[in-house]
Amino acid sequence: MVFCVIGINAQEKSQQADEAAIRQIIKQVETGWNANSGKEFAAPFAENADYVIVNEKYIRGREAIDKGHQQIFDTIYKGSRNAATIKQIRFLRPDVSVVHVEWNLNFKAGGEDRKGRAFNTLVMTKESGKWSIAAFQNTGIAEGSR
């Protein structure tokens, strides 16, 4: 009986560590956005990550994610601020999770302060002890929606 309790506690600790690592990755994405750094934003993505952009376009790979974000950081979202709120982390397996994140963006357009919101679904995988973002679906939230 004691063996089972020890096993459960070890499993719970492992999942807590994985959840903390996933939260840190979301924080890194947020920090990269707020630093206006495509490289830092894209760093936690898998080399061959799938990324569906809020405008329904699709890109693939960390390098494309980096370059695409650097382009918007240098133009329309220059100086913008984005805040992440993790809504759910669900482990499908010990090495695969689905993460839902709400983003609140503040930016300027035409000299006016603007706001935008998006909801992301991320598939994250753990390989060789390290978590990364394998797929990222970005969905805009219409103004006035909950």
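Calculation rules
- Per chain, the residues get numbers from 1 upward, laid out in the order the sequence is written.
- It should be noted that, the model being predicted, local features are given only for residues of pLDDT at least 70 and side-chain atom pairs only at 80 or more, the latter also being counted only at that level, while totals for whole chains, interfaces and linings use all residues.
- Where side-chain values are given, they derive from all heavy atoms of the structure, hydrogens and water being excluded.
- Helix numbers and strand numbers start at the N terminus; a helix is a DSSP run of H or I with at least 4 residues, a strand a run of E with at least 2.
- Think of it this way: Lys and Arg go in the positive column, Asp and Glu in the negative one, and His and the chain ends go nowhere.
- Lys charges are placed at NZ, Arg charges at CZ, Asp charges at CG and Glu charges at CD.
- Among buried residues, the Ala, Val, Leu, Ile, Met, Phe, Trp, Tyr and Cys ones that are joined through side-chain atoms within 4.5 Å form a nonpolar core.
- Working definition: with a 1.4 Å probe on protein chains only, accessible area under 20% of the residue-type maximum means buried, over 50% means exposed, and in between means partly exposed.
- In what follows, residue pairs with any heavy atoms lying within 4.5 Å of each other are defined as contacts.
- Buried and open spaces are told apart on a 1 Å grid over the protein atoms alone, a cavity being a set of points where a 1.4 Å probe fits but cannot get out and a pocket being an open set with protein on both sides within 12 Å along at least five of seven lines. Residues with an atom within 4 Å of a point are the lining residues.
- Grid points are joined across faces, edges and corners, and a volume is the space filled by probe spheres set on the points.
- What pLDDT expresses is the predictor's confidence in each residue, scored from 0 to 100.
- Ring pairs are drawn from Phe, Tyr and Trp, using the six-membered ring of Trp, whenever the two centres fall within 6.5 Å, and their geometry is named by plane angle: stacked under 30 degrees, edge-to-face over 60, tilted for the rest.
- Here, a strand pair is defined by DSSP locating no fewer than two bridges between the strands.

Draft legend 1. Representation of the overall build of the protein. Secondary structure assignment for the protein yields three helices and six strands. When its helices and strands are written in sequence order, the protein yields α-α-β-β-α-β-β-β-β. Between the mean site of the 20 positive side-chain charges and the mean site of the 17 negative ones, the protein shows a separation of 2 Å.

Draft legend 2. Spatial organisation of the nonpolar core. The biggest cluster of nonpolar side chains holds 27 residues, and the ones touching the most others in it are Phe41, Phe45, Val99, Leu122, Met124 and Ile133. Secondary structure elements with two or more residues in this core: α1 (2-34), α2 (38-42), β1 (45-52), α3 (62-73), β3 (81-93), β4 (96-109), β5 (112-127) and β6 (130-140).

Draft legend 3. Structural detail: the side chain of Glu30. Position of Glu30 among the secondary structure elements: in helix α1. Excluding anything up to four places from it in sequence, Glu30 contacts Asn82, Ala83, Ala84 and Trp103.

Draft legend 4. The layout of surface pockets, seen in detail. In this structure, the largest pocket occupies an estimated 540 Å³ of space. Counting only elements with at least two residues in the lining of the largest pocket, the list comes to α1, α3, β4, β5 and β6. By volume, the second largest pocket is sized at about 210 Å³. Forming the walls of the second largest pocket are Ile25, Gln28, Ala43, Pro44, Phe45, Ala46, Glu47, Arg62, Glu127, Lys130, Trp131 and Ser132.

Draft legend 5. Seen up close, the confidence of the model for the protein. Looking at the protein as a whole, its pLDDT mean stands at 92, while 92% of the residues score no less than 70. The element-level mean pLDDT for the protein is lowest in α1, coming to 84, with α2 highest at 98.

Draft legend 6. Expanded view of the environment of Arg90. Residue placement: Arg90 occurs in strand β3. For Arg90 and His100, which are 10 residues apart along the polypeptide, the C-alpha to C-alpha distance reads 8.8 Å.

Draft legend 7. Inspection of the packing of aromatic side chains at higher detail. Evaluated as defined, the whole model comprises 10 aromatic pairs. A ring pair is formed by Trp33 and Tyr77, whose centres lie 5.6 Å apart and whose planes are at 45 degrees; its orientation type is tilted. Remark: Tyr77 occurs in the loop between α3 and β3 and Trp33 occurs in helix α1; sequence separation between them is 44 residues. Summarising the aromatic geometry, the rings of Tyr77 and Phe107 are spaced 5.1 Å apart at their centres and angled 90 degrees between planes, so their arrangement reads as edge-to-face. Of the two residues, Tyr77 is situated in the loop between α3 and β3 and Phe107 in strand β4; the sequence distance between them amounts to 30 residues. Here the aromatic residues Trp33, Phe41, Phe45, Tyr51, Phe73, Tyr77, Phe107 and Phe136 are joined through ring pairs into a cluster of three or more.

Draft legend 8. Quick look at the pairing of β3. Relative to β4, β3 is paired through 11 bridges, and the arrangement is antiparallel. Within β4, the position partnered with Ile86 by the bridge is Val101. Counted along the chain from β3 to the antiparallel partner β4, the turn is two residues long.

Draft legend 9. Inspection of the environment of Val52 at higher detail. Relative to the helices and strands, Val52 is located in strand β1. On the basis of relative accessible area, Val52 is assigned to the partly exposed category, the value being 23%. Taking the C-alpha atoms as reference points, Val52 and Asn138, 86 residues apart in sequence, are found 5.9 Å from one another. The residues touching Val52, leaving out its near neighbours within four places in the chain, are Lys57, Tyr58, Phe136, Gln137 and Asn138.

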